[in-house]
Amino acid sequence: MDTMTIIWIIVAIVVVLAVAAMLIAASRKRNERRHQEADSIRAKAQEQTSVVEKREALAEETAANARKAQAEAEAKAAEAKRLQVDAQTHQNTATTSRDDLKQEWKRADELDPQVKTTGAASNDARTTDPRAADARTTDVGPANARTDGTSSTNTHGAHAKPTDTSST
C-alpha cells in the first residue's frame, strides 16, 4: 500500500469519526433539549394539577349542592301535595258543615210559625210574615234590646243567619 492510500484511509477514518462525533454530540444536545422541554412541561402540568384539583372540588361541591337542592325541592313538593290533600279534606269538611248548617237554618225556619220560606226561590230566602211582627222582627222590643242600651238590627230573630261567602 502506498502512503497516499494510507493517508486517504486515515483521513477517511478521521472524517468518519468526526462525523460520528458530531452526530453523537447533536443527538446528545437534542436529547438534552428534549429533556429540558419535558421538565418544563412537567412543571407546568404540576402547576395545573392544583388548579384542576380545585375545579374538581368545586364541581363535586356544586353537584352535592344540586343534589341537596333537588332533595329539598322533592321534600317541598311532597309537603305541598300533602297540604293540598289536607286543604281538600278541610274544604270538603267545611262544605259538609255548611250544608248541615243550612239544613239547621231551614229546619229552624220550618219550625218557627212566624217565618215563611219562599220555597223554590232559595234555601236562604226567608221573609217575615208582616202580620206576625213582634219584638224578634223589629228594631224594638225585648228580643233586640242589648244590655248597653242599643238595639240590634237583626230581622230574623235573636240569631242572625251568617252570610254564606263560600264558593261551593
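Keep in mind that this is a model prediction, so the values were computed, not measured.

Caption draft 1: Local environment of a nonpolar patch on the surface. A cluster of nonpolar side chains, namely M4, I7, W8, V11, V15, V19, M22 and L23, defines an oily patch on the protein surface of about 810 Å² accessible area. By secondary structure assignment, the location of V11 is in helix α1 (residues 3-111). Residue classification places V11 among the partly exposed residues on the basis of a relative accessible area of 37%.

Caption draft 2: Geometry of the pattern of salt bridges. Tallying each qualifying case throughout the model produces four salt bridges. Between D39 and R42 there is a salt bridge, with the nearest N and O atoms lying 3.4 Å from each other. A residue pair is termed a helical-turn pair when its members lie 3 or 4 positions apart in one helix, as D39 and R42 do in helix α1 at three residues. Relative accessible area serves as the criterion here: at 35%, D39 is assigned to the partly exposed category. Residue classification places R42 among the exposed positions, given a relative accessible area of 54%. Connected through salt bridges with shared partners, the residues E79, R82 and D86 form a single ionic network.

Caption draft 3: Just α1, in detail. Taking 1.5 Å of rise per residue, 109 residues should cover 162 Å, and α1 covers 156 Å from first to last C-alpha, within 8% of that figure. With a side-chain oxygen lying 3.1 Å from the backbone nitrogen of M4, the N-terminal cap of α1 falls on D2.

Criteria and thresholds
- Residues numbered from 1 in each chain as written.
- Predicted model: local features only at pLDDT ≥ 70, side-chain atom pairs only at ≥ 80, totals over all residues.
- Heavy atoms only, no water.
- Patch = residues over 30% accessible without salt bridge, like charges linked within 9 Å, V, L, I, M, F, W, Y side chains within 5 Å.
- Areas by Shrake-Rupley, 256 points an atom, 1.4 Å probe, with all protein chains shown as cover.
- Salt bridge = Lys/Arg side-chain N within 4 Å of Asp/Glu carboxyl O.
- Helix = DSSP H or I, 4+ residues; strand = E, 2+ residues; numbered from the N terminus.
- Buried < 20%, exposed > 50% of the residue type's maximum accessible area, 1.4 Å probe, protein only.
- Expected span 1.5 Å × (residues − 1).
- Polar contact = N/O pair within 3.5 Å; in protein donor to acceptor, adjacent residues only side chain to side chain.

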